[in-house]
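# Structural overview for review
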Amino acid sequence: MSAQRRIYLDNAATTPLAPQALEAMLPFFTQEFGNASAVHTWGREAKRAIEAARRQVMRAIGAQQPQEILFTSGGTESDNWAITGTVFAKGKPEECHIITSAIEHHAVLHTCRWLEKLGCRVTYLPVDGYGRVNPADVEKAICPETVLVSVMMANNEVGTVQPIAEIGEICRARKVLLHTDAVQAVGAIPVDVNALQVDLLSLSAHKFHGPKGAGALYVRRGVKLANLLNGGAQERGLRAGTENVPALVGMGKAIEMAAEDQADNAARMTALRQRLIAAVTARVENVRLNGHPTERLPGNVNLSFDGVEGEALLLRLDLAGVAGSSGSACTSGALDPSHVLMALGLTEAQAQGSLRLTLGTDTTEADVDEAADRLAPIVADLRKRRY
Ligand SMILES: *Cc1c(COP(=O)(O)O)cnc(C)c1O
């Protein structure tokens, strides 16, 4: 077979680094190597660079003050810290209640499970068939012990966007803190901490063309958060350790560009998404779109193919030069159906037969058409083998 063009449709997993972000990072690997805590010129240059990055993050999400932005190693750390940090700041876990949803990222769900072991009570709200949390369910679940509501802004598997502003309104009225995992949202849809009325918000650089291993947690002024790492005075003394200066500089540049281009990219990617859905449904029978038809991330397509095993489909697609992702996670050799798809009410077989294709800022119409062309015969072949 002749060498074929490779098509990357797994941008929800990670995105390529923007060349401009790389360029901004490079000097901080070489001549600008100072420790940002040092008082000499090298140190002050590094400090100036990370504080500029902090303001870039602040502006991109509509925060008011640079101190509201705490740097982390990524989305997982931000999610962990938002949840454990609010619980530990309130006091004893056994006196705390948290409300979250059944379709959160494992960085949130496993943190909640861990806190349950420490005596914390957690309510996992159900979602509707499209993956939406009902704000009325949040309201009903709030009790005097509730210290935090954590609902993601947009789901990483099915792309469903949650009514965070409505949930924020409820939380504010009931004086309960609201955290949102906005890792998939930044750069894809408008993210403004005041419009959303959130108190804490997680983001991760590598999901918006920044480097891996860098992220941030927005913490609204006045919100008490327990410290994460003990040591030096970095990050207001809440997260000690010498900063990863190049990564933070790269994140700053990437989020500035992502916020600037958000509306244009969203319009273009929504059109491409609809084109991909139409192309696949025109070529393949018995396909269902998982997630909400319109309240979804511009670049997310999640499909279930009857009678097809998602993992097999994924491997065959990879051989055909198309990178996607399946709704099943391989744990200890067994394929567990996605907790997200199960919460949406899919059968185990439907959940196992799912494929996620996530578009990026470089995805073209030709990529989308070509991916559908390569996908259709593979689905047909897998179905033939099965029956
Ligand atoms: C990728 C992702 C995370 C984890 O972020 P990392 O920076 O990879 O740790 C958390 N939540 C969501 C919704 C994600 O998509």
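Scroll up for the structure.
Residues numbered from 1 in each chain as written. Predicted model: local features only at pLDDT ≥ 70, side-chain atom pairs only at ≥ 80, totals over all residues. Heavy atoms only, no water.

## A look at the packing of aromatic side chains
Our working rule: The rule is short: rings of Phe, Tyr and Trp, with Trp giving its six-membered ring, pair when the centres are within 6.5 Å, and they are stacked under 30 degrees, edge-to-face over 60, tilted in between. Each residue is assigned to one of three classes by its accessible area relative to the maximum for its type, calculated with a 1.4 Å probe on protein chains only: buried under 20%, partly exposed between the two thresholds, exposed over 50%. To qualify as a helix, a DSSP run of H or I must reach at least 4 residues; to qualify as a strand, a run of E must reach at least 2; elements of each kind are numbered from the N terminus. The rule is short: NZ of Lys or CZ of Arg within 6 Å of the ring centre and within 35 degrees of the ring normal puts a charge over the ring.
The final tally for this structure, using the stated rule, is two aromatic pairs. Here the aromatic rings of F33 and W42 are separated by 6.4 Å at their centres, their planes lie at 35 degrees, and the arrangement is tilted. We classify F33 as exposed; its relative accessible area is 57%. Taken together, a centroid distance of 6.3 Å and an interplanar angle of 85 degrees make the contact between F88 and W114 edge-to-face. With a gap of 26 residues between them, F88 in helix α3 (residues 75-90) and W114 in helix α4 (residues 106-117) connect regions that are remote in the sequence. By relative accessible area, F88 is classed as partly exposed at 37%. Looking at R113, its charged tip hangs above the ring of Y124, at a distance of 4.5 Å from the centre.

## Considerations on the sheet that holds strand β7 (residues 200-204)
The pairing of strands in a sheet happens through backbone hydrogen bonds and is either parallel or antiparallel. Here is the rule we go by: Paired strands are those between which DSSP finds at least two bridges. Here, axes are lines fitted to C-alpha atoms. For helices the fit covers the stretch in contact, and angles between N-to-C directions go from 0 to 180 degrees. Throughout, a residue-residue contact means that at least one pair of heavy atoms, one from each residue, lies within 4.5 Å.
Pairing in this open sheet of seven strands is mixed, and the strands run β2-β8-β7-β6-β5-β3-β4 from one edge to the other. With one partner strand each, in any of the chains shown, β2 (69-72) and β4 (121-125) form the two edges of the open sheet. Strand-to-strand twist across the sheet, computed as the mean angle between neighbouring axes with direction ignored, equals 20 degrees. With three bridges joining them, strand β6 (residues 177-181) and β7 adopt parallel strand pairing. Opposite T180, over in β7, you have L201 as the bridge partner. In this fold helix α6 (residues 164-173) packs onto β5 (146-150) and β6, with an angle of close to 160 degrees to the strand it touches most, β6.

## Quick notes on the site of the ligand
Convention followed: Nearness of a residue to a molecule or strand requires only that one of the residue's heavy atoms be within 4 Å of it. N or O atoms within 3.5 Å of each other form a polar contact, as long as, within protein, one can give a hydrogen and the other can take it, and as long as residues adjacent in sequence are counted only when both atoms are side-chain atoms. For the accessible areas, the method is Shrake-Rupley and the probe is 1.4 Å, while residue cover comes only from the protein chains on display. Polar here means any residue outside two lists: the nonpolar Ala, Val, Leu, Ile, Met, Phe, Trp, Tyr, Cys and Pro, and the charged Asp, Glu, Lys and Arg; Gly therefore counts as polar.
Near the ligand there are 13 residues, and of these T76, D181, Q184, S204 and K207 occur at the shortest range. Between the ligand and G75 there is a distance of 2.8 Å, counted from an oxygen atom to a backbone nitrogen or oxygen. Side-chain polar atom of Q184 to an oxygen atom of the ligand: 2.7 Å apart, as the coordinates give it. Protein coverage of the free-state accessible area of the ligand, which is 380 Å², stands at 86%. Examining the composition of the shell around the ligand, we find that three residues originate from one element, α3, more than from any other. Class assignment of the residues belonging to the shell around the ligand gives a composition of two nonpolar, eight polar and three charged.

## Things to note about the state of the cysteines
Simply put, disulfide is the name for a covalent bond between the sulfur atoms of two cysteines. We count it as follows: Two cysteine sulfur atoms form a disulfide, by the criterion used here, when they sit within 2.5 Å.
Counting across every chain of the model gives zero disulfides. C96 supplies the cysteine sulfur nearest to C120, a cysteine that is in no disulfide, at a spacing of 5.6 Å. Between C171, a cysteine without a disulfide, and C143, which holds the nearest cysteine sulfur, the sulfur-to-sulfur distance is 12 Å.

## Points about the sheet that holds strand β12 (residues 325-326)
Across the sheet, which stays open at both edges, the four strands sit in the order β9-β10-β15-β12 with antiparallel pairing between neighbours. Where the open sheet ends on each side, the last strands, each with one partner, are β9 (287-289) and β12. Pairing between β12 and strand β15 (residues 354-358): two bridges, direction antiparallel. Counterpart to S326 in the pairing with β15 is L355. Each of β9, β10 (300-305) and β15 is contacted by helix α8 (residues 245-283), which is oriented at about 15 degrees to β10, the strand it contacts most.

## As for the pattern of salt bridges
Applied cut-off: Salt bridge, as used here, is a side-chain nitrogen of Lys or Arg placed within 4 Å of a carboxyl oxygen of Asp or Glu.
Inspection of every chain in the model, using the stated rule, returns 19 salt bridges. Between R54 and E51 there is a salt bridge, with its nearest N and O atoms 2.8 Å apart. Here E51 and R54 lie together in helix α2 (residues 41-60), a separation of three residues that amounts to about one turn. Each member of the pair, R54 as well as E51, is classed as buried. Linking R316 and D381 is a salt bridge whose minimum nitrogen-to-oxygen distance equals 2.9 Å. With R316 in helix α9 (residues 310-319) and D381 in helix α12 (residues 365-386), this pair connects stretches of sequence that are 65 residues apart. Residue classification places R316 among the partly exposed residues on the basis of a relative accessible area of 28%. One network of salt bridges, in which partners are shared, links K47, E51, R54 and E235.

## Things to note about α4
Counted only if it meets this: Expected span, for any helix, means 1.5 Å times one less than how many residues it has.
Here α4 contains 12 residues, and its C-alpha end-to-end distance of 16 Å stays within 8% of the 16 Å for a straight helix at 1.5 Å per residue. Of the residues making up α4, those classed as buried are A107, V108, L109, T111, C112 and L115. Turning to α4, the residues buried within the fold contact α3, β3 (97-101), β4, β5, β6 and α10 (339-343). Backbone geometry just downstream of α4 places G119 in the positive-phi region, at approximately 105 degrees.

## Let's talk about unusual backbone geometry
Peptide bonds are trans in most cases, and residues, glycine excluded, mostly fall at negative phi. Residue E235 is not a glycine yet carries a positive backbone phi of 50 degrees. A positive phi angle, close to 55 degrees, is found at N286, a residue other than glycine. Classification of N286 as exposed rests on a relative accessible area of 52%.

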